Amino acid sequence: MLLKNFYSVVNSSEENGKHFTQIEINKDHEIYDGHFPGRPVTPGVILMNLFKEEAERRCGCKLQFKKGNNVKFMAVVDPNTDAVLNLETEITEENQEIKLKGIAKNSAGISLKINSLYKKVES
């Protein structure tokens, strides 16, 4: 985990090759002291990293971000407004690489769409 105590997994399931994970963001995490005081916003790079960590959990291996083919930030994630995020992912493996297609949603709608590529790394 990139940031200790940043989030916890509430629920996780799989259906028809898609993975569904519900996480709860710690709205009191120190990252929000600087990003931004009085108006917390979850940094985009942290949202992207949630998907890397999801792929690592699903694949059981360490991964390194290689390429973001398509990354669209659709809405701000404010933990005071809505601390629950639902991650939907499709993960495939080919030639020691992991392809991920994902969507992050909260009660307001889609926050992030991502298509990314990771390479497996030695622990």
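Every chain's residues receive numbers from 1 upward, in the order its sequence appears when written. Selection of residues for local features in this predicted model requires a pLDDT of at least 70, selection of side-chain atom pairs for listing and counting requires 80 or more, and totals for whole chains, interfaces and linings are taken over all residues. Side-chain numbers come from the whole structure's heavy atoms, not from hydrogens or water.

**Looking at unusual backbone geometry**
Most of the time, phi is negative for any residue but glycine, and the peptide bond is trans. Looking along the chain, the bond that leaves His35 and enters Phe36 is cis, with omega of 5 degrees. Only DSSP runs of H or I with at least four residues qualify as helices, and only runs of E with at least two residues qualify as strands; both kinds are numbered from the N terminus onward. Summarising the element assignment, Phe36 is placed in the loop between α1 (31-34) and α2 (44-59). The phi angle at Gln96 is positive, at roughly 65 degrees, despite the residue not being glycine. Relative accessible area serves as the criterion here: at 51%, Gln96 is assigned to the exposed category. Think of it in three bands: residues with accessible area under 20% of the maximum for their type are buried, residues over 50% are exposed, and the middle band is partly exposed, with areas taken using a 1.4 Å probe on protein chains only.

**A short note on a positive patch on the surface**
Note that patches include only residues with greater than 30% relative accessible area and no salt bridge, and the join distances are 9 Å for like charges and 5 Å for nonpolar side chains (Val, Leu, Ile, Met, Phe, Trp, Tyr). All accessible areas in this document rest on Shrake-Rupley with a 1.4 Å probe, and a residue is counted as covered only by the protein chains that are shown. Any carboxyl oxygen of Asp or Glu that lies within 4 Å of a side-chain nitrogen of Lys or Arg is treated as forming a salt bridge with it. Working convention for charge: Lys and Arg count positive, Asp and Glu count negative, and His plus the chain ends are omitted. Charge coordinates come from a single atom per side chain, which is NZ of Lys, CZ of Arg, CG of Asp or CD of Glu. On the surface, Lys18, Lys72, Lys101 and Lys113 cluster together into a positively charged patch. Along the polypeptide, Lys113 turns up in strand β6 (residues 109-121). When its relative accessible area of 35% is taken as the criterion, Lys113 is described as partly exposed.

**Things to note about the pairing of strand β1 (residues 7-15)**
Of the strand pairs in this sheet, β1 and strand β2 (residues 18-25) are connected by eight bridges, and their pairing is antiparallel. Counted as the bridge partner of Glu15 is Lys18 from β2. Think of it this way: DSSP has to see at least two bridges between two strands before they count as a pair.

**Here's the deal with the nonpolar core**
Each nonpolar core is a collection of buried residues, namely Ala, Val, Leu, Ile, Met, Phe, Trp, Tyr and Cys, held together in the definition by side-chain atoms within 4.5 Å. Residues Phe6, Leu50, Phe51, Leu85, Leu100 and Tyr118 are the most contacted members of the largest nonpolar core, which totals 24 residues. Of all the secondary-structure elements, those providing two or more residues to this core are β2, α1, α2, β4 (84-94), β5 (97-106) and β6. Element by element, the count of residues in this core is highest for α2, at six residues. Tyr118 has contacts with Met48, Phe51, Lys52, Leu63, Gln64, Phe65, Lys66, Gln96, Glu97, Ile98 and Leu100, leaving out every residue within four places of it along the chain. Between two residues, a contact is recorded if the distance between any of their heavy atoms is within 4.5 Å.

**Examining the environment of Ile46**
By the secondary structure assignment, Ile46 is in helix α2. Given a relative accessible area of 8%, Ile46 falls into the buried group. Residues Ile46 and Leu2, spaced 44 residues apart in sequence, show a C-alpha to C-alpha distance of 8.3 Å.

**A word on the UniProt feature "domain: ApeI dehydratase-like" (unreviewed entry) in the protein**
According to UniProt, the positions carrying the feature "domain: ApeI dehydratase-like" (unreviewed entry) are residues 14-99. Between the end C-alpha atoms of residues 14-99 there is a gap of 17 Å, over a span that is 23% helix and 42% strand. UniProt positions are given in the numbering used here, feature names are shortened, and annotations may be inferred rather than shown by experiment.

**A few points about the packing of aromatic side chains**
Between the rings of Phe, Tyr and Trp (Trp by its six-membered ring), a pair exists once the centres lie within 6.5 Å; its type follows the angle of the planes, with under 30 degrees stacked, over 60 edge-to-face, and the other angles tilted. Applying the stated criterion across every chain yields a total of three aromatic pairs. A centroid spacing of 6.1 Å and a plane angle of 35 degrees characterise the contact between Phe6 and Tyr32, whose relative ring orientation is tilted. Of this pair, Phe6 sits in the segment before β1 while Tyr32 sits in helix α1, and the two are 26 residues apart along the sequence. Note on accessibility: Phe6 and Tyr32 belong to one class, buried. Aromatic pair Phe65 and Tyr118: ring centres 5.8 Å apart, planes at 70 degrees, arrangement edge-to-face. Here the residue Phe65 occupies a position in strand β3 (residues 62-73), and Tyr118 occupies one in strand β6, the gap between them amounting to 53 residues. Of the residues examined, Phe65 reaches a relative accessible area of 39% and is grouped as partly exposed. Look at Tyr118 and you get buried, because its relative accessible area is 0%. Taken together, the ring pairs connect Phe6, Tyr7 and Tyr32 into an aromatic cluster.

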